[in-house]
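One-letter residues, chain by chain:
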Amino acid sequence: MSLRTKLTQTVRTLTPLIGGQLIGKFAVQNAREDYQKNVKPPLSPPGYVFPIVWTLLYTGMGVAYMLVRRQSQRRSIKIWHYSHLTLNYAWTILYFRLKLRFSALIESIALLGTVVATTVSFFKVHKLAGILLIPYALWCAFATYLTAGNWYLNKDNPKFSED
């Protein structure tokens, strides 16, 4: 394997994790305080769980994409991957940075659909890659529930949303 190929695979693997960390630094400055002060739906995890889970999920996304790209150069694979990443990062900006909570809810539904489509697409090319995205799809479903619950329970609080 050439040095260029190794470098390309490393970049593909690390892109979701590095992007997630950057977007977190940019958009999630007061997330813990924000999370603490709002009414939360049942099953809401403690705030410290989110960075742990997202680190694992972003790592899984990167490994899955690298595995799929080794076997397929289809443009649709690349489109699905970067679509879900873009929506993932956009949710963080909408929800935390801009406090457009209802918009983030609508966006999270689109994100969930994109993640499911990406998971199916990856599974067709490389079974392990698809399996690696299943926790991400499940977490996105859970995150959509949390977003909906948080919006519903706090929508009348003027400090919760700027929508």
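Per an unreviewed UniProt entry, the chain goes by Tryptophan-rich sensory protein and derives from Staphylococcus canis. Quoted straight from UniProt, the Subcellular location (unreviewed entry) entry for the chain says "Membrane". In its Sequence similarities (unreviewed entry) section, the UniProt record describing the chain reads: "Belongs to the TspO/BZRP family."

Caption draft 1: Molecular detail of the layout of surface pockets. A volume near 930 Å³ is recorded for the largest pocket. Around the largest pocket, the lining is made up of 35 residues, and of these Val28, Phe50, Pro51, Trp54 and Phe96 lie nearest the centre. Those elements that place two or more of their residues in the lining of the largest pocket are α1 (3-27), α2 (31-37), α3 (49-71), α4 (75-97), α5 (101-125) and α6 (127-154). It is α6 that contributes the most residues to the lining of the largest pocket, seven residues altogether. Across the lining of the largest pocket, the residue classes break down as 17 nonpolar, 13 polar and five charged.

Caption draft 2: Spotlight on a nonpolar patch on the surface. Side chains of Phe123, Leu128, Ile131, Ile134 and Leu138 sit close together on the surface and give an oily, nonpolar patch of about 460 Å² of accessible area. In terms of residue count, α6 provides more of the nonpolar patch than any other element does, four residues in total. Among the secondary structure elements, Leu138 is positioned in helix α6.

Caption draft 3: Layout of the nonpolar core. Counting residues in each nonpolar core, the largest one holds 26 residues, and the members touching the most others are Trp54, Leu57, Met61, Phe122 and Tyr136. Contributing elements (two or more residues each) for this core: α1, α3, α4, α5 and α6. Among the elements that take part in this core, α3 stands out by supplying eleven residues, more than any other. With near-sequence residues (within four places) excluded, Met61 lies in contact with Pro16, Trp54, His81, His84, Leu85, Asn88, Leu133 and Tyr136.

Caption draft 4: Spotlight on unusual backbone geometry. Positive phi, normally seen in glycine, also occurs at Leu43, with a value near 75 degrees. Within the secondary structure layout, Leu43 lies in the loop between α2 and α3. A residue is classified by how much of its surface remains accessible, and Leu43, at 70% relative accessible area, is exposed. The residue Lys99 is not glycine, and still its phi comes out positive at about 55 degrees. Note on placement: Lys99 falls in the loop between α4 and α5.

Caption draft 5: Spatial organisation of the UniProt feature "transmembrane region" (unreviewed entry) in the chain. UniProt's entry tags residues 48-67, 104-123 and 130-153 with the feature "transmembrane region" (unreviewed entry), counted in the numbering of this structure. For residues 104-123, the helix share is 100%, the strand share is 0%, and the end-to-end C-alpha distance is 28 Å. The annotated region residues 130-153 carries 100% helix and 0% strand content, and the separation between its end C-alpha atoms amounts to 34 Å.

Caption draft 6: Representation of the environment of Ser72 in the model. Structurally, Ser72 is set in the loop between α3 and α4. Owing to a relative accessible area of 8%, Ser72 belongs among the buried residues under this scheme. C-alpha of Ser72 to C-alpha of Tyr48: the two residues are 24 residues apart in sequence and 37 Å apart in space.

Caption draft 7: Highlighting α6. The end-to-end C-alpha distance of α6, which contains 28 residues, comes to 41 Å, matching closely the 40 Å that a straight helix rising 1.5 Å per residue would cover. Along α6, the largest kink reaches about 30 degrees and is centred on Ile134; proline Pro135 follows within four residues of it.

Caption draft 8: Broad picture of the packing of aromatic side chains. Overall, the coordinates contain twelve aromatic pairs when judged by the stated rule. Consider the rings of Trp54 and Tyr58, whose centres lie 5.2 Å apart with planes at 35 degrees: the pair is tilted. In this pair, Trp54 and Tyr58 are both assigned in helix α3, four residues apart and thus about one turn of the helix distant. The residues Trp54 and Tyr58 share a single accessibility class, namely buried. With a centroid separation of 5.0 Å and 50 degrees between ring planes, the pair formed by Phe102 and Trp151 is classed as tilted.

Analysis parameters
- Residues numbered from 1 in each chain as written.
- Predicted model: local features only at pLDDT ≥ 70, side-chain atom pairs only at ≥ 80, totals over all residues.
- Heavy atoms only, no water.
- UniProt positions renumbered as here; feature names shortened; annotations may be inferred.
- 1 Å grid on protein atoms, 1.4 Å probe; cavity = no way out; pocket = protein on both sides within 12 Å on 5 of 7 lines; lining within 4 Å.
- Points joined across faces, edges and corners; volume = space filled by probe spheres on them.
- Helix = DSSP H or I, 4+ residues; strand = E, 2+ residues; numbered from the N terminus.
- Nonpolar A, V, L, I, M, F, W, Y, C, P; charged D, E, K, R; others polar.
- Patch = residues over 30% accessible without salt bridge, like charges linked within 9 Å, V, L, I, M, F, W, Y side chains within 5 Å.
- Areas by Shrake-Rupley, 256 points an atom, 1.4 Å probe, with all protein chains shown as cover.
- Salt bridge = Lys/Arg side-chain N within 4 Å of Asp/Glu carboxyl O.
- Core = buried A, V, L, I, M, F, W, Y, C linked by side-chain atoms within 4.5 Å.
- Buried < 20%, exposed > 50% of the residue type's maximum accessible area, 1.4 Å probe, protein only.
- Contact = heavy atoms within 4.5 Å.
- Expected span 1.5 Å × (residues − 1).
- Bend = angle between axes of the 7 residues up to and from the residue.
- Phe/Tyr/Trp six-rings, centres within 6.5 Å; stacked < 30°, edge-to-face > 60°.

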